[in-house]
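Observations on the three-dimensional arrangement
What follows is the residue order along each chain.
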Amino acid sequence: MSNQATALILGAALLAATAGHAADKDAASPPKPALHPDSWTSDGTVTANGKAIAYQAVVGTLIVHPKGWEDDDALPVADHPPAPGSEDTGSQSAEVAPPEHGVEASMSYVAYLAKDAAPARRPITFVYNGGPGSSTIWLHMGAFGPQRVVTADDTYTPAAPYQLVNNDETLLDATDLVFVDAPGTGLGRFVGKDAKKAFWGIDEDGNAFANFVTAFLTRYGKWNAPKYLFGESYGTTRSAVVANILEQDKGINLNGVILLSQVLDFELGPDDADNNPGQDMPYVLALPTYAATALYHHKLGASPPPLDQLLQQVEQFATHDYLQALQAGAALDPATRDAVASKLHDYTGLPLAYLKRANLRVDGGEFEHALQADAEQTTGRLDTRFSGPVMDPMAKDAAYDPQSAAIGSAYVSAFNDYVRRTLHYGGARIYKDGIDVGKDWDFKHQPPGAKEPLDGTTPNVMPDLAAAMKYDPNLKVMLNAGYYDLATPFFEGLYEMRHLPMPQSLQANIELKQYPSGHMVYAHIAALRTLHDNVADFIRRTDHGGHGPAQGPAHAQ
């Protein structure tokens, strides 16, 4: 299985009970202990674009079950929490009866609900990272929460203590926010026999998130609010699945789906592309990112063109001469082969002999290892602006990701401090920022119209997003991507959007935004500001008047 499929990228709550042994089939066996939904409420204020926004922060867990459970059992109703704007009520907790089959999960979350707005109609956005196997501390602490951790832009961030600052770029000026952790991550847990099998998979995960959304809308009285999904990395895969489930199974139309660093068709990614001979598109779609990266690291000669001009040239070459040369395979004539290799050298900075030896095909890991090999530096994967010492100079591929090494500790440490010190929640419980789902993750997927799940390790959820857009032709989609992302290259996202199986007229419902940053676009502060303004503007144009007063002007462009 490719690295992209298992580690695209790299909240909080608790559950108060332990999991027992798997229930015995004997009816006399005692029932399994249930998980407990709970919440803790506190107040805060954030300044966004010069305007103070008072909010209620709710951190807690909600309980979800495998698909089909609601068909046989009535969901218990927990104590209803206070309405936004009320006084802090502390912990809300209610036990639920264990399902007969003994499998359930608590999903942890942190919600920020603005006080100076009509809560029932104010937009709400469900935000999550990807992985699969990642919690949502990254978007929470780096992008849109009321406080943001400070990290270095494209170099290593020194060790603790880390600094938390007021986040001017929080999206609370446009929408209420719910940062949701995937089952098994954060402070959420699951219980029951084969619980991993019940929640770790494309369709299983999508079902869990769709159930979380409906539970949250019910618990917090947000059914008539404008609704949005915001997913990053594998979270975009999840959003395609969840959007379709919400519409066709739950009766919930969304105002918008916001995608960051998209991957819908896993066969198109550059990681380990050499393991799939005959599929040449990963090399074509990664080439613009190779070129942008080579330009950033001064590998393109003395006077290269500016980034925008370079990308225009490279995209033209990639989709014409380069694609034709790759598709020719062994029939490619030597003269054309030499000409294409020379052009690749001009656009990537890689040695001509290396490109020929690679048969014109350099996958992501090889590029990351080779670009700065002369300086014994590894180029980043999630953000190619980052570099780090090479682990093994004689290796073929990069051994690690320098950006993850450079900023991971800051996010993990800052959130663990913040959730306890500021949100007053978590105690001695362990927060799982990420888990290794490895071979336990089920990449089989049943796309709309299929009679059964399709086997394979390279799933494709383009049909799910297209189905959601056809089912609701008013649904708006926004794709955001960084030029320096080699986990999910920006040109791959464009290709996927242009090949969605739907009427041409629906292409008008898709917006495309690109940034001079990497996979975590928000790690570059200037890009974060633009990302905020673009997303806030998208929400205000599609919320049908539900935004309320808690908003400020966008940053000057």
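Please refer to the structure placed before this passage.
A brief structural summary.

**Examining the overall build of the chain**
Scanning the chain for helices and strands turns up 15 helices and 15 strands. Burial status across the chain gives 58% buried among its 557 residues. Only carbon and sulfur atoms are counted for the fraction: they give 51% of the accessible area of the chain, which is about 21,300 Å².

**Digging into the pattern of salt bridges**
Under the defined criterion, the tally for this structure stands at 18 salt bridges. The residue Lys222 makes a salt bridge to Asp176 at a minimum N-O spacing of 3.0 Å. With Lys222 in the loop between α5 (202-219) and β10 (227-232) and Asp176 in strand β8 (residues 176-180), this pair connects stretches of sequence that are 46 residues apart. Relative accessible area serves as the criterion here: at 2%, Lys222 is assigned to the buried category.

**Comments concerning empty space enclosed by the protein**
Computed from the structure, the largest cavity encloses a volume of approximately 60 Å³. Forming the boundary of the largest cavity are Tyr283, Leu287, Tyr290, Tyr322, Leu344, Thr348, Leu350, Leu355, Leu360 and Val362. Those elements that place two or more of their residues in the lining of the largest cavity are α7 (281-296) and α9 (334-348). No other element matches α7, which puts three residues into the lining of the largest cavity. When grouped by side-chain class, the residues that make up the lining of the largest cavity number nine nonpolar, one polar and no charged. As for the second largest cavity, its lining consists of Pro132, Gly133, Ala182, Pro183, Thr185, Phe199, Trp200, Asp205, Arg238, Ile435 and Trp441. Residues that form the lining of the second largest cavity fall into these classes: seven nonpolar, two polar and two charged.

**Concerning the packing of aromatic side chains**
Going through the model one piece at a time under the given rule, you end up with 25 aromatic pairs. Plain terms: the ring middles of Phe216 and Tyr220 are 4.3 Å apart, the flat faces sit at 25° to each other, and that makes the pair stacked. With respect to burial, Phe216 and Tyr220 carry one shared label: buried. Taken together, a centroid distance of 4.6 Å and an interplanar angle of 45° make the contact between Phe415 and Tyr431 tilted. Here the residue Phe415 occupies a position in helix α12 (residues 402-421), and Tyr431 occupies one in the loop between α12 and α13 (462-471), the gap between them amounting to 16 residues. For Phe415, a relative accessible area of 0% puts it in the buried group. Residue Tyr431 is classed as buried on the basis of its relative accessible area, which comes to 7%. Linked through ring pairs, Tyr109, Phe126, Phe212, Phe216 and Tyr220 together constitute an aromatic cluster. Here the basic side chain of Arg429 rests over the ring of Tyr425, its NZ or CZ set 5.5 Å away from the ring centre.

**Observations concerning the nonpolar core**
Judged by nonpolar contacts, the single largest core of 63 residues is most densely connected at Phe126, Phe212, Phe216 and Leu500. Looking at this core, the element that brings in the most residues is α5, giving eight residues. By size, the runner-up hydrophobic cluster in this structure holds 52 residues, among which are Val46, Tyr55, Tyr418 and Val535.

**Some remarks on the side chain of Thr379**
With respect to the helices and strands, Thr379 occurs in strand β12 (residues 377-379). A polar side-chain atom of Thr379 sits 2.9 Å from a polar atom in the side chain of Gln372. Leaving out residues up to four positions away in the same chain, Thr379 has contacts with Thr293, His297, Glu368, Leu371, Gln372, Thr384, Phe386 and Pro402.

**A short note on the pairing of β8**
Of all five residues making up β8, five are buried, and the element is well covered by its neighbours. Burial along β8 is two-sided: Asp176, Val178 and Val180 facing one way and Leu177 and Phe179 facing the other are all buried. As paired strands, strand β4 (residues 104-114) and β8 are joined by four bridges and run antiparallel to one another. Across the sheet, the residue bridging to Tyr112 is Leu177, located in β8. Relative to β8, strand β5 (residues 124-128) is paired through four bridges, and the arrangement is parallel. Directly across from Thr125, in β8, lies its bridge partner Leu177.

What counts and what doesn't
- Position numbers for residues count from 1 along each chain, tracking the sequence in the order it is written.
- Confidence filtering applies because this is a predicted model: local features only for residues at pLDDT of at least 70, side-chain atom pairs given and counted only at 80 or more, and all residues used for totals across whole chains, interfaces and linings.
- Side-chain measures here rest on the full set of heavy atoms in the structure, leaving out hydrogens and waters.
- Secondary structure counts use DSSP, requiring at least four H or I residues in a row for a helix and at least two E residues in a row for a strand, with both numbered from the N terminus.
- Classification of residues uses two cut-offs on accessible area relative to the type maximum, computed with a 1.4 Å probe and protein chains only: under 20% is buried, over 50% is exposed, and between them is partly exposed.
- Here the Shrake-Rupley method, with its probe set to 1.4 Å, supplies the accessible areas, and only the displayed protein chains count as covering residues.
- Salt-bridge detection follows one rule: a side-chain nitrogen of Lys or Arg within 4 Å of a carboxyl oxygen of Asp or Glu.
- A pocket, in this scheme, is an open set of points on a 1 Å grid over the protein atoms alone with protein on both sides within 12 Å along at least 5 of 7 lines, while a cavity is a set where a 1.4 Å probe fits but cannot get out; residues line either one if an atom lies within 4 Å of a point.
- Grid points are joined across faces, edges and corners, and a volume is the space filled by probe spheres set on the points.
- Gly is put with the polar residues, along with every residue not named as nonpolar or charged; the nonpolar set is Ala, Val, Leu, Ile, Met, Phe, Trp, Tyr, Cys and Pro, and the charged set is Asp, Glu, Lys and Arg.
- For this analysis, a ring pair means two rings from Phe, Tyr or Trp (six-membered ring only for Trp) whose centres lie within 6.5 Å, classed as stacked if their planes differ by under 30 degrees, edge-to-face if by over 60, and tilted for the remaining angles.
- Only when the NZ atom of a Lys or the CZ atom of an Arg is both within 6 Å of the ring centre and within 35 degrees of the ring normal do we say a charge sits over the ring.
- As used here, the term nonpolar core means buried Ala, Val, Leu, Ile, Met, Phe, Trp, Tyr and Cys residues forming a set that is joined through side-chain atoms within 4.5 Å.
- Polar contacts, as used here, are pairs of N or O atoms within 3.5 Å; protein pairs need one atom able to donate a hydrogen and one able to accept it. Residues neighboring in sequence count only if both atoms are side-chain atoms.
- In this analysis, two residues are considered to be in contact whenever any of their non-hydrogen atoms come within 4.5 Å of each other.
- A pair of strands is labelled paired if DSSP reports no fewer than 2 bridges between them.

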